[in-house]
Amino acid sequence: MSETAPKTNPGRFFEDFALGEQIVHATPRTVTGGDVSLYTALYGPRFAVQSSDDFAKALGYPAAPVDDLLVFHIVFGKTVPDISLNAVANLGYADGRFLRPVFPGDTLSTTSKVIGLKQTSSGDAGIVYVRSIGRNQHGDAVLSYVRWVLVRKRAPGTPAHAEHVPEVPKAVPAAELGGACPPIALSAYDEALAGSPYRWGDYAKGERIDHVDGMTVEEAEHQLATRLYQNTAKVHFDAHAAKESRFGMRLIYGGHVISLARALSFNGLGNAFQIAAINGGRHVAPLFAGDTVYAWSEVIESAELPGRSDVGALRLRLVATKNQPCGEHPLRAGEGYDPSVILDFDYWALLPR
């Protein structure tokens, strides 16, 4: 019997990427109300604009938009089989822009372009930089972001065929924010229903906010979450293979941590209803089932948006910890991070004025 070519996909290794390559990712995904409900069950976000059709319509939306991070995770999940199936770690994000709102019934698809390659000094892996763009069923871009990921080599020691480290902005300019937020009818913004009396002008640069609450991660939750996004990364699913890994167990998807911390931030930032941009992010340390996540935020910058008197932007540093309440705002320890810190996330949020 003659041999046939393998039909399965083992994932790409560092040698398989080429600078400038365009990748079309499989499995378009129609977002439904069920996705929104499950996302709420996993994280418990309470932002009124995304929770209530009536609240959103009063402000000027056609319906309650899908949570920005749910959009991010779905767009991100499409990329995993082609980008990070053989990843050692996802290293960071930058220049993330939410360009249009997404509503239940919209279909999301993703493409990526390889914009950078850099092999490690050890020669057994390399860093792959991509810009990924999520589009709706009309072909309109709803999200664009850069990420870089450490990917194993198929043959350690193989020299890189090309190397380039792209430049990315430290932050998305405030003047370029707001595309995914329609004009807001401020007279209809009900602070009691929103759950917070604090608007954009009530926050000051340098202010630190302990979000107080903690949330313990269950094994089933992070598995369900990663499946919800159709993220096939082995490090999140295969407990048998994980026994031979550095940690001896499955890692929780970094986006799960971001969503937990964002949901916790409602207590103190209840009117920060939209993530307008992701400036940067680092997964500082791993999170495992059974750990409890806490969070705090720092206001880095406050900015007006050109031509808009309805909303303003806060640039926020969101820090998440594991098993450590954040009353003392843990962050640094010497030249590194405090051992409790698991996430350092820089983003722009929109608030009513």
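Residues numbered from 1 in each chain as written. Predicted model: local features only at pLDDT ≥ 70, side-chain atom pairs only at ≥ 80, totals over all residues. Heavy atoms only, no water.

Chemist: Which residues make up the pattern of salt bridges, and what are the values?
Modeler: Applying the stated criterion across every chain, the model contains 13 salt bridges. Here Asp95 makes a salt bridge to Arg131, at a shortest N to O gap of 2.5 Å. In this pair, Asp95 is assigned in strand E3 (residues 87–98) and Arg131 in strand E5 (residues 125–135), connecting sequence segments 36 residues apart. Look at Asp95 and you get buried, because its relative accessible area is 6%. Classification of Arg131 as partly exposed rests on a relative accessible area of 23%. (Salt bridge = Lys/Arg side-chain N within 4 Å of Asp/Glu carboxyl O. Helix = DSSP H or I, 4+ residues; strand = E, 2+ residues; numbered from the N terminus. Buried < 20%, exposed > 50% of the residue type's maximum accessible area, 1.4 Å probe, protein only.)

Chemist: Give me the packing of aromatic side chains: which residues, what numbers.
Modeler: Across all of its chains, the model carries 12 aromatic pairs by this definition. Ring centres of Phe76 and Tyr253 lie 5.6 Å apart, and the angle between their planes is 45 degrees; on these two criteria the pair is classed as tilted. Within this pair, whereas Phe76 is found in helix H4 (residues 68–83), its partner Tyr253 is found in the loop between helix H8 (239–242) and helix H9 (254–264), the two being separated by 177 residues in sequence. Accessibility expressed as a relative area gives 3% for Tyr253, which makes it buried. Members of the aromatic cluster, joined through ring pairs, are Phe72, Phe76, Tyr93, Tyr145, Tyr229 and Tyr253. (Phe/Tyr/Trp six-rings, centres within 6.5 Å; stacked < 30°, edge-to-face > 60°.)

Chemist: Describe in detail the environment of Ala63, supporting the description with residues and values.
Modeler: Among the secondary structure elements, Ala63 is positioned in the loop between helix H3 (53–59) and H4. In this structure the C-alpha to C-alpha distance between Ala63 and Tyr253, which are 190 residues apart in sequence, comes to 30 Å. Setting aside residues up to four positions removed in sequence, Ala63 forms contacts with Asp53, Ala56, Lys57 and Phe103. (Contact = heavy atoms within 4.5 Å.)

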